[in-house]
Amino acid sequence: MKGAAPPPGSVVCALAEVADGKSRVVTFGDGFELIVVRTGEAVFGYANECKHLHVGLNLLDDQACETNAATILCQYHYATYRFEDGYCIAGPCQGDSLTAVPLAVRAGRIVIATGSAAK
Ligand code: FES
């Protein structure tokens, strides 16, 4: 994992750039990769690092890696993480959780929320 989660208040992207039920990988200047998932008006963020082999969940830049608008699927060995808490419900690292990066929506933009502790 390169870099660290940006400080609270940092802008991630516009809410409209993440479709409902979809995911998006956003890369910051220091190389930190954040997966943003959206369900309705709720957004959740996780460091883009699978708990199985500690690689990014996506094989290609900005490749969608969600399924059924409810889970994030690692493209390597199909670990399946829940949108709402990053908990792995199936796959080789079942029972582990993605590293959460709290997000908030302000004025139509997704920002890093207070309480972010991902490194
Ligand atoms: S690296 Fe993600 S499931 Fe193996």
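What counts and how
- Every chain begins its residue count from 1, and numbering advances along the sequence as written.
- Given that the model is predicted, a residue must reach a pLDDT of at least 70 before its local features are reported, and side-chain atom pairs must reach 80 or more before they are shown or counted; all residues, however, enter totals for whole chains, interfaces and linings.
- By definition, two strands form a pair when at least two bridges between them are found by DSSP.
- In this text, helices come from DSSP runs of H or I with a minimum length of four residues, and strands from runs of E with a minimum of two, each type numbered from the N-terminal end.
- In this description, a line fitted to the C-alpha atoms serves as the axis of each element, helices being fitted only across the stretch in contact, and the angle between N-to-C directions of two axes falls anywhere from 0 to 180 degrees.

Enquirer: What's the story with the sheet that holds strand 3 (residues 33-39) in this structure? I'm lost.
Expert: Strand pairing within a sheet occurs via backbone hydrogen bonds; the two strands may be parallel or antiparallel. Spatially, 3 strands are ordered 2-3-4 in an open sheet, and the strand pairing comes out antiparallel. This sheet does not close on itself; its edge strands, each paired only once, are strand 2 (23-27) and strand 4 (42-47). Each strand of the sheet is rotated relative to its neighbour by a mean of 25 degrees, with strand direction disregarded. Across 6 bridges, strand 3 lies against strand 4 in antiparallel orientation. Opposite Ile35, over in strand 4, you have Tyr46 as the bridge partner.

Enquirer: Please explain the sheet that holds strand 6 (residues 71-73) as it appears in this structure.
Expert: Judged by pairing direction, the sheet is antiparallel, and its 4 strands sit side by side in the order 5-6-7-8 without closing on themselves. Taken across any chain shown, the strands that pair with only one partner, and hence form the sheet edges, are strand 5 (66-67) and strand 8 (88-90). Bridge analysis of strand 7 (residues 80-82) against strand 8 gives 2 bridges, and the strand direction is antiparallel. Bridging from a neighbouring strand, Tyr81 pairs with Cys88 of strand 8.

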